[in-house]
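# Understanding the architecture of this molecule
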Amino acid sequence: MVVLTTIVLLLSVILCIHSISGHGLIGCSQGTSCNQVLGSKWSFLFGIIPVSALAIGAYLTLLVCILLINSESTAQQEKAFLFKAILMVCGAVTGCAVWFIYLQHRMIHAFCPYCMTAHALGIVLSVLTVIWCVRQKTGRIALNISAGILLAVILAVVQFFTTPRSLAERGFTYEQLRYPNPAEMPIAGNPEAKHQVTLLFDWQCSHCRRLHLQLPDAVARLGDSIAVVCCPISMSRECNPHMPQGIDRFRGSCQLMRIGLAVWRTDRSRYAEYEQWFWGTDINEAWYPRTVDEATSKAQELIGPEALDAALRDRWLDKYTVIVNELFGRTSRGTVSAIPRLIYNGHILIPEADTSSDLADLILSLCTSE
């Protein structure tokens, strides 16, 4: 029990550090289901407290109680209290594990292996601990476990009703911005729309994929006055000098950006097929970004090898990369440096929406910003 508690406690500390610092975890790069879970709004309580911090408190309490209860210096009356605390923590851990597994399945539509490992170990630990308590004949076992489960239910209710349906980090810059020519880019909505919002996205970004699958319906809800100009960007230092030094979690996205644009510029009628192949169609299905080799093969299938080679050598791609990197750099301010990123008249918005309706509301709020 001590060993299991220590392992889950350390795992919770690692997840908490990741939530606070944003430092990546092994196997949790951009585009993975792990990143999708840990980067979700559901990974925080009230938008500021990492849920892993609550796990640290629970497992630390459990570890201390187990160690004290086996100490010869602990009085019998104190041991009775410690048994109650242990059983309540076990009930809370099991209840919370069920809740967070439900969130991954129903709300986030992705599973984090680190989180699932912690949940599985937590449930196993709780079962072993309860069996141990039964053998110790502590009494009122079911009542104490139920109290812990009630705490988990309260947490679930609070998180469900305090986590907004959509979130958005906002920013603004007074710098003069240079945008890619909308006529040369894929656009969602009416090309003649009065309000044209620029979207920066990376092909390897799972949050970008979610937005793209919501975008057609969101734009349809907004009518003909608002359109979204889709501008791919690479978040890799291979071609984006604004990315920080360190581990390159977007390696290969430079080539993916160029391949997608090559398909668009060569045969716009085939671009929708390429986009659907890359992103998929079901927002709830597991997704991993395509590799450069897979994307190259698909592009050759759609437009032909020679046409693809010619498009990739087009100097327009180099000029576009300079413009979009400059736009990214000039709109990166403080915490507002992530993608997908919506930009309109100097206003910047990093959206996270549960539904296309919520996304439409965020886009509308951006276009009506003063």
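Description of the structure in this document.

Definitions and cut-offs
- Residues numbered from 1 in each chain as written.
- Predicted model: local features only at pLDDT ≥ 70, side-chain atom pairs only at ≥ 80, totals over all residues.
- Heavy atoms only, no water.
- Disulfide = S-S within 2.5 Å.
- Helix = DSSP H or I, 4+ residues; strand = E, 2+ residues; numbered from the N terminus.
- Buried < 20%, exposed > 50% of the residue type's maximum accessible area, 1.4 Å probe, protein only.
- Phe/Tyr/Trp six-rings, centres within 6.5 Å; stacked < 30°, edge-to-face > 60°.
- Lys NZ or Arg CZ within 6 Å of the ring centre and 35° of its normal.
- 1 Å grid on protein atoms, 1.4 Å probe; cavity = no way out; pocket = protein on both sides within 12 Å on 5 of 7 lines; lining within 4 Å.
- Points joined across faces, edges and corners; volume = space filled by probe spheres on them.
- Nonpolar A, V, L, I, M, F, W, Y, C, P; charged D, E, K, R; others polar.
- Pairing = 2+ DSSP bridges.
- Expected span 1.5 Å × (residues − 1).
- Polar contact = N/O pair within 3.5 Å; in protein donor to acceptor, adjacent residues only side chain to side chain.
- Core = buried A, V, L, I, M, F, W, Y, C linked by side-chain atoms within 4.5 Å.
- Contact = heavy atoms within 4.5 Å.
- Axes fitted to C-alpha atoms, helices over the stretch in contact; angles between N-to-C directions.
- Parallel < 35°, antiparallel > 145°, perpendicular 65-115°, else oblique.
- Left-handed = near helix turned anticlockwise from the far one by under 90°.

## Examining the state of the cysteines
For the structure on display, the rule yields one disulfide. One disulfide in the model links Cys239 with Cys254; its S-S distance is 2.1 Å. Between Cys239 and Cys254 the sulfur-sulfur dihedral comes to about -105°; the bridge is accordingly left-handed. Of this pair, Cys239 sits in the loop between β6 (226-232) and α8 (253-266) while Cys254 sits in helix α8; the two residues are 15 residues apart in sequence, bridging distant segments of the chain. Judged by its relative accessible area of 21%, Cys239 falls in the partly exposed class. Here Cys231 is not cross-linked by a disulfide; its sulfur's nearest cysteine counterpart is in Cys230, at 7.5 Å. Judged by relative accessible area, which is 0%, Cys231 ranks as buried.

## What to know about the packing of aromatic side chains
Applying the stated criterion to the full structure yields 16 aromatic pairs. With a centroid separation of 5.7 Å and an interplanar angle of 75°, the aromatic rings of Trp203 and Tyr274 are classed as edge-to-face. A residue pair is termed long-range when its members are at least 10 positions apart, and Trp203 in the loop between β5 (195-201) and α7 (206-222) and Tyr274 in helix α9 (residues 268-279) qualify at 71 residues. Geometrically, the ring pair formed by Tyr274 and Phe278 is tilted, given 6.2 Å between the ring centres and 40° between the ring planes. Residue Tyr274 and its partner Phe278 are located together in helix α9, separated by four residues, close to a single helical turn. Looking at Tyr274, the relative accessible area reads 0%, which means it is buried. A residue is classified by how much of its surface remains accessible, and Phe278, at 0% relative accessible area, is buried. Every member of this aromatic cluster is reached through a ring pair, and the members are Phe201, Trp203, Tyr274, Trp277, Phe278, Trp279 and Trp287. Sitting above the plane of the Trp316 ring, Arg265 keeps its charged end 4.0 Å from the centroid.

## Digging into the layout of surface pockets
Space inside the second largest pocket adds up to approximately 660 Å³. Residue lining of the second largest pocket: 32 residues in total, with Val51, Ala55, Cys96, Phe100 and His119 positioned closest to the centre. Those elements giving two or more residues to the lining of the second largest pocket turn out to be α1 (2-21), α2 (33-38), α3 (51-69), α4 (76-108), α5 (113-135) and α6 (141-162). Looking at which element gives the most residues to the lining of the second largest pocket, the answer is α4, with 11 residues. A class-by-class count of the residues in the lining of the second largest pocket yields 24 nonpolar, eight polar and no charged.

## Some thoughts on the environment of Arg313
Within the secondary structure, Arg313 is located in the loop between α11 (305-312) and α12 (315-330). Between the C-alpha atoms of Arg313 and Arg106, which are 207 residues apart in sequence, the distance is 44 Å.

## Side note on unusual backbone geometry
The amide bond that connects Ile339 to the next residue, Pro340, takes the cis arrangement and shows omega of 0°. Despite not being glycine, Asn345 has its phi angle at roughly 50°, a positive value. Topologically, Asn345 is positioned in the loop between β7 (341-344) and β8 (347-353).

## Remarks on the sheet that holds β5
Strand order in the open sheet formed by six strands is β3-β8-β7-β5-β6-β4, and the pairing between neighbours is mixed. Each of the sheet's edge strands pairs with one partner strand only, and the pair in question is β3 (166-172) and β4 (187-188). With three bridges connecting them, β5 and β7 associate as antiparallel partners. Across the sheet, Thr198 pairs through a bridge with Ile343, a residue of β7.

## Overview of α12
Here α12 is 16 residues long and its end C-alpha atoms lie 23 Å apart, about the 22 Å a rise of 1.5 Å per residue gives. Between a side-chain oxygen at the N-terminus of α12 and the backbone nitrogen of Trp316 the separation is 2.9 Å; the capping residue is Asp314.

## A look at the nonpolar core
Judged by nonpolar contacts, the single largest core of 61 residues is most densely connected at Val197, Leu215, Val228, Tyr274 and Ile363. Looking at this core, the element that brings in the most residues is α8, giving seven residues. Ignoring anything within four residues of it in the chain, the contact list for Leu215 reads Ala188, Leu199, Val228, Cys230, Leu359 and Ile363.

## Some points on the packing of α9 against helix α10 (residues 292-303)
Where α9 contacts α10, the axes come no closer than 10 Å and their chain directions differ by 150°. Here α9 lies roughly antiparallel to α10, going by the angle between them. Classified by chirality, the crossing of α10 by α9 is right-handed. Together, Arg270, Glu273, Tyr274 and Trp277 of α9 and Glu294, Ala295, Lys298 and Leu302 of α10 make up the contact between the two elements. Looking at the contact of α9 with α10, its residues break down into four nonpolar, no polar and four charged.

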